[in-house]
Structures are given as C-alpha cells and as structure tokens.
Amino acid sequence: MAILQDMMQAIVADGVSLRNPVYDFDKDGDFHIGRYLDDESGTFKTIEEIKAHPLLKPLMDMISRNNLSLADLNMTPKIQVDHGIQQGQLNQEEEEKQSALEYRGQMQKQVSDLRSMIGRSQLRASKDPVLIKHLQEDGD
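These numbers come from a predicted model, not from an experiment.

Visitor: What is the right way to look at the nonpolar core in this model?
Guide: As a rule of thumb, soluble globular proteins bury nonpolar side chains together. Among the nonpolar cores identified, the biggest contains five residues, and these are Leu4, Met7, Ile11, Leu59 and Ile63. Every element with two or more residues in this core is listed here: α1 (2–14) and α2 (56–65). Ranked by residue count, the leading element in this core is α1, at three residues.

Listed below in structure tokens is the structure:
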C-alpha cells in the first residue's frame, strides 16, 4: 500500500498530464524550440506536447492486480459520505477530541506546577547559607 500511496502523491504533485516543450534539431545540428506568434497577444507562445503522467498506467495495473477498486481506497463520493470524510479535514472521533482536551489540561497543570517549583527553588536559593557565603566570597 505504501507504493500505491507514493504513486498517488507523485501524480497529485505533478498533475495527471505532463507538458514538455516541442523541440527539434535542424540538418546543421542546431536546437530549436517550437514557438508561434499569438495573434491576440502579439507574443510568442511555446508549443507544448501534453502526455499522460507515466505513473497512471502502473498505478491502475497495480490496483487491478490486487483486486482493489476506488471504493477500497476510499476514493468514491459515496464512501466518503458514508465515512464522514471531508476533503481537507481529518477524520476524528469524539473520543480522540476528548483525549486531546485532557492532554491539554494536563500540560497546563504541569506548566503552572513548574512555575511554582521555580519560584520555590529561587526562594530557597536566596536563603541558602552556603550559596550566600560563596557569593559573598566571590564578591570580595
């Protein structure tokens, strides 16, 4: 499944089609890119060759060889509605939300406890006779 995911991510990042400029070499071996003058804008446009992404065929072959369908991959609208999947949203259950709130509460309590611990340690350090004597000796 990791290979399928990597292939899908590559296709999503690159798009389903790849565009390459058309080029040719003349009889002298000079390189030329295909361009034409656009009548409307008056600028030169590059002629592009559009091909399907090279990973589409291997992806579809792998899906069919493993007897998978788009429904198995949660890629149909019906499956997404049934599972409550929304694009751009994480699928979180109420229990996960509650545990996140509990964790946040624990962290807030620990931070406030840490503040009080630091305050107590500073108070003890200011009253520590050995530290006071050492600071007085270094100060002289």
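After that view, the rundown keeps rolling.
Visitor: For this particular structure, what's the right way to read the pattern of salt bridges?
Guide: A side chain of one charge can pair with a side chain of the opposite charge if their charged atoms are brought near each other. In total, this model carries four salt bridges according to the counting rule given. Salt-bridge contacts for Glu49 lead to Lys51; the nearest nitrogen and oxygen are separated by 4.0 Å. The partner of Asp113 in a salt bridge is Lys109, and the shortest N-O contact between them spans 3.1 Å. In this pair, Asp113 and Lys109 are both assigned in helix α4 (residues 94–127), four residues apart and thus about one turn of the helix distant. On the basis of relative accessibility, which here comes to 31%, the residue Asp113 falls in the partly exposed class.

Visitor: Explain the packing of aromatic side chains to me, please; I cannot follow it from the model alone.
Guide: Note on aromatic pairs: each is described by the distance of the centres and the angle between the planes. Here the structure, examined in full by the defined rule, presents three aromatic pairs. Ring centres of Phe25 and Phe31 lie 5.5 Å apart, and the angle between their planes is 55 degrees; this geometry places the pair in the tilted category. The structure contains a cluster of three or more aromatic residues connected by ring pairs, namely Tyr23, Phe25 and Phe31.

Visitor: So what exactly am I meant to see when it comes to a nonpolar patch on the surface here?
Guide: Together, Tyr23, Phe25, Phe31 and Ile33 make up an exposed nonpolar region whose accessible area comes to about 440 Å². Taken together, the elements giving at least two residues each to the nonpolar patch come down to β2 (23–25) and β3 (31–33). Position of Phe31 among the secondary structure elements: in strand β3.

Visitor: Help me understand α1 in this model?
Guide: Note that an α-helix has 3.6 residues per turn; residues three or four places apart therefore point the same way. Along its 13 residues, α1 runs 18 Å from first to last C-alpha, staying within 8% of the 18 Å computed at 1.5 Å per residue. For α1, the full list of buried residues reads Leu4, Met7 and Ile11. One side of α1 carries all its buried residues, which in axial view fall inside an arc of 65 degrees. Across α1 from its buried face, at more than 90 degrees, point the exposed residues Ala2, Val12 and Ala13. Contacts from the buried residues of α1 go to α2. Immediately beyond the C-terminal end of α1, within one or two residues, lies Gly15, with a positive phi of roughly 95 degrees.

Visitor: Which parts of the structure should I look at to understand the packing of α1 against α2?
Guide: Packed helix pairs are characterised by how far apart their axes lie and by the angle those axes make with each other. Between α1 and α2, the shortest axis-to-axis distance is 10 Å and the interhelical angle comes to 150 degrees. By the angle class used here, α1 and α2 are roughly antiparallel. When the axes of α1 and α2 are compared, the crossing they make is left-handed. Contact residues: Ile3, Leu4, Met7, Met8 and Ile11 in α1; Leu56, Pro58, Leu59, Met62 and Ile63 in α2. For the contact of α1 with α2, the class distribution of residues is 10 nonpolar, no polar and no charged.

Conventions we followed
Residues numbered from 1 in each chain as written. Predicted model: local features only at pLDDT ≥ 70, side-chain atom pairs only at ≥ 80, totals over all residues. Heavy atoms only, no water. Core = buried A, V, L, I, M, F, W, Y, C linked by side-chain atoms within 4.5 Å. Buried < 20%, exposed > 50% of the residue type's maximum accessible area, 1.4 Å probe, protein only. Helix = DSSP H or I, 4+ residues; strand = E, 2+ residues; numbered from the N terminus. Salt bridge = Lys/Arg side-chain N within 4 Å of Asp/Glu carboxyl O. Phe/Tyr/Trp six-rings, centres within 6.5 Å; stacked < 30°, edge-to-face > 60°. Patch = residues over 30% accessible without salt bridge, like charges linked within 9 Å, V, L, I, M, F, W, Y side chains within 5 Å. Areas by Shrake-Rupley, 256 points an atom, 1.4 Å probe, with all protein chains shown as cover. Expected span 1.5 Å × (residues − 1). Arc of directions from axis to C-beta. Contact = heavy atoms within 4.5 Å. Axes fitted to C-alpha atoms, helices over the stretch in contact; angles between N-to-C directions. Parallel < 35°, antiparallel > 145°, perpendicular 65-115°, else oblique. Left-handed = near helix turned anticlockwise from the far one by under 90°. Nonpolar A, V, L, I, M, F, W, Y, C, P; charged D, E, K, R; others polar.

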